[in-house]
Amino acid sequence: MTSFAVVGAGWRAEMFWRLAAGLEGVRCAGAVVRSPRELPVPTFASLAECVAETSPDFVVTAVPWPVTPGVIIEAVERGLPVLAETPPAPDAAGLRELWAAVGESGLVQVAEQYLLMPSHAARAAAVRAGLIGTPTQVQVSSTHQYHAVSLMRGLLGVGRGPVTVRASRSSAPLVDPLTRDGWTDDPDPRPATTTIATLDFGDGRSGLYDFTDNQWHNQLRFRRLLVRGSHGELRDDEVIRLSEPRTLVRSPLVRRQTGYDLDLDGFDTDTITLGGEVLYRNPYPGRRWSDEEIAIATLLDATAAWVRGTAPAPYPLADGAQDHLIALAVEEAADTDRTVTTGTENWA
């Protein structure tokens, strides 16, 4: 059994200890909180106290952006591996300072879970299988900043080189019926900002970023993902490709979801397939978890395996830092209405 301590007590921290309770090889040893409170796991006033009493194998940080670097550094100084919530530092200077402090330790991973979500994992599997040839462009209109950049980089298979960003913003009225807190019951449109950016990764590979305020929750805006390749294209849950000379094939990605109609096995994700090929199989059948929960549980399992030395690093600090550095360039380009090129960082 591999144990972890979570620093934080918000909704994201709660997901880690709740999901760990459903995993076989991972458990949450306790939570470090600022003020006493009742939680389903033991609570501690400091990381030092938690480590002394529980001896966790790694630490999960789920605290506000400005606080995260300090928690990471303290854990690394104690020799503990870290899984840090996104982003690992709030700004470019903070990322570079954090790397200078802990980068060479090799102990820090970033909790970037989007590529582990079932739909995205299936799409990535289709791209890796070469169904659309060499991927050349990814367009994301669903999530924001570093998560969108992670999807682009992962689906394109690009490393950590310089990126040229062009961006603009516009505002238009939009009804906002849902937020994280639930239904707003507000029928009146209010100004919503849309940021659109193009990202040039070099070597003919590019990304298109399109995000509107609260697009995570506002169901009046479709989520869209497009991957263009040399021999075809993946659009959301459909692939078009050249299967042989003069033969174009359109194939859907099909999710098998149990629990509908007279399916009495309970509501759950089973598989995502393309024709006769299984692109994704839910590793947690019977848990009835959402895609987000499946992704975070997968990340926890992968981190535990890395800590045990039985699996590669799930998402090294260098990748999380690169994602956020590019996302910051998007914001800067949109704010200043000029082209921004990220530098070649020494994320060794």
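This report concerns the structure included in the present document. Owing to the predicted nature of the structure, the values given are computational and were not obtained by experimental measurement. (Residues numbered from 1 in each chain as written. Predicted model: local features only at pLDDT ≥ 70, side-chain atom pairs only at ≥ 80, totals over all residues. Heavy atoms only, no water.)

Right, let's talk about the nonpolar core for a bit. Across soluble globular proteins, nonpolar side chains have a tendency to be buried as a group. Core analysis: the largest hydrophobic core is formed by 70 residues, its most contacted members being Phe4, Val6, Leu199 and Leu300. No other element matches the seven residues that helix 7 (residues 291–308) contributes to this core. Contact partners of phenylalanine 4, with chain neighbours within four places excluded, come to Phe16, Trp17, Ala20, Val26, Arg27, Cys28, Ala29, Gly30, Pro56, Phe58, Val60 and Leu300. Leu47, Ala75, Trp99 and Val110 belong to the second largest nonpolar core, which has 27 residues in total. (Core = buried A, V, L, I, M, F, W, Y, C linked by side-chain atoms within 4.5 Å. Buried < 20%, exposed > 50% of the residue type's maximum accessible area, 1.4 Å probe, protein only. Helix = DSSP H or I, 4+ residues; strand = E, 2+ residues; numbered from the N terminus. Contact = heavy atoms within 4.5 Å.)

Take the environment of valine 227 next. Inspection of the secondary structure puts valine 227 in strand 13 (residues 224–229). Residue class for valine 227 comes out buried when judged on its relative accessible area of 0%. Here the alpha-carbon distance between valine 227 and valine 340, two residues 113 residues apart in the chain, equals 24 Å. Every residue in contact with valine 227, bar those within four places of it in the chain, is listed here: Val127, Ile132, Pro135, Gln137, Val138, Leu155, Gly232, Glu233 and Leu234.

Counting across every chain of the model gives 22 salt bridges. Between arginine 224 and aspartate 210 there is a salt bridge, and its shortest N-O distance comes to 3.0 Å. Highlighted residues: arginine 224 in strand 13 and aspartate 210 in strand 12 (residues 205–212), separated in sequence by 14 residues. Classification of aspartate 210 by relative accessible area gives buried; the value is 16%. Notably, a salt bridge pairs arginine 256 with aspartate 263, separated by 4.0 Å at the nearest N-O pair. On the accessibility criterion, aspartate 263 (21% relative accessible area) is partly exposed. (Salt bridge = Lys/Arg side-chain N within 4 Å of Asp/Glu carboxyl O.)

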